[in-house]
Amino acid sequence: GHHMAVYSIKWNPFHERVFISCSADWTVKIWDHTLSYPIMSFDLGNAVGDVCWSPYSSTVFAAVTSDGKVHVFDLAENKHEPLCEQKVVKRAKLTHVCFNERDFMVIVGDDRGGVNSLKLSPNLRKLHLPVNAEGVVEEGVDKFQVQKMKMEKLLQASDAK
């Protein structure tokens, strides 16, 4: 597990075996509950106060750190680095993060009572839905199943290690 206090744990909304955790030990870890070790680990360089999965993509998550930064990852795009790392506050520690269920935004809270909303840039809004030869999203696609399969692909890649 972690080496210091765990601050947050969240189930992935698209895959029943996957959850994410964050800790004072500077790490975010992604787990398959059927395994006793994390399938991925990210060192963010400072204590990680909160983490959450995106409600629209199984591979997107955000984390906030004690140095006032929000980190947004899309594991379908890059399994090693955040796609976005933004300093939000100067003299406060970020303690909470939450995605908006409908719009492409996150809100973050800090240890001094501040709350900030951040609009996600277009590169953080990719849904990775299957498209036909013309580039049009296929009709009748079960978007939930597509998201589950994206995470399943990541799990299989970690099994191959």
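The structure under discussion appears in the preceding block.
An account of the accompanying structure is given in this report. Here the structure is a predicted model, which is why all the values come from computation and not from measurement.

1. Comments concerning the overall build of the protein chain
A count of helices and strands for the protein chain gives 1 helix and 11 strands. Secondary structure elements of the protein chain, listed N to C terminal, follow the sequence β-β-β-β-β-β-β-β-β-β-β-α. Scored against the burial criterion, the 161 residues of the protein chain give a buried share of 43%. Sequence separation of 24 or more characterises 39% of the internal contacts of the protein chain that already satisfy a separation of 6 or more. Surface accessibility of the protein chain: about 8,800 Å² in total, with carbon and sulfur atoms responsible for 52%.

2. Topic: the sheet that holds strand 10 (residues 105-110)
Sheet architecture is open: 3 strands sit in the order 9-10-11, paired in antiparallel fashion. Looking at the sheet topology across the chains shown, the edges are occupied by strand 9 (94-99) and strand 11 (115-119). If you compare each strand with its neighbour and ignore which way they point, the axes differ by 20° on average. Note that strand 9 and strand 10 share 5 bridges and pair antiparallel. Among the inter-strand pairings, histidine 96 is bridged to a residue of strand 10, identified as glycine 109.

3. Description of the pattern of salt bridges
Scanning the entire structure with this criterion turns up 7 salt bridges. Measuring nitrogen to oxygen at the nearest pair gives 4.0 Å for the salt bridge that ties lysine 69 to aspartate 67. What makes lysine 69 partly exposed here is its relative accessible area of 23%. Accessibility expressed as a relative area gives 19% for aspartate 67, which makes it buried. Its salt-bridge partner being aspartate 103, residue arginine 102 comes within 3.8 Å of it at the nearest N-O pair. The exposure class assigned to arginine 102 is exposed, which follows from its relative accessible area of 71%. Put simply, Arg17, Asp32 and Glu152 are held in one network by salt bridges that share partners.

4. Brief notes about the pairing of strand 11
One ladder, built from 5 bridges, connects strand 10 with strand 11; its direction is antiparallel. Bridge pairing in strand 11 places isoleucine 107 opposite serine 117. Joining the antiparallel neighbours strand 10 and strand 11 is a turn of 4 residues, in which glycine 113 adopts a positive phi near 90°.

What counts and what doesn't
- Residues numbered from 1 in each chain as written.
- Predicted model: local features only at pLDDT ≥ 70, side-chain atom pairs only at ≥ 80, totals over all residues.
- Heavy atoms only, no water.
- Helix = DSSP H or I, 4+ residues; strand = E, 2+ residues; numbered from the N terminus.
- Buried < 20%, exposed > 50% of the residue type's maximum accessible area, 1.4 Å probe, protein only.
- Contact = heavy atoms within 4.5 Å.
- Areas by Shrake-Rupley, 256 points an atom, 1.4 Å probe, with all protein chains shown as cover.
- Pairing = 2+ DSSP bridges.
- Axes fitted to C-alpha atoms, helices over the stretch in contact; angles between N-to-C directions.
- Salt bridge = Lys/Arg side-chain N within 4 Å of Asp/Glu carboxyl O.

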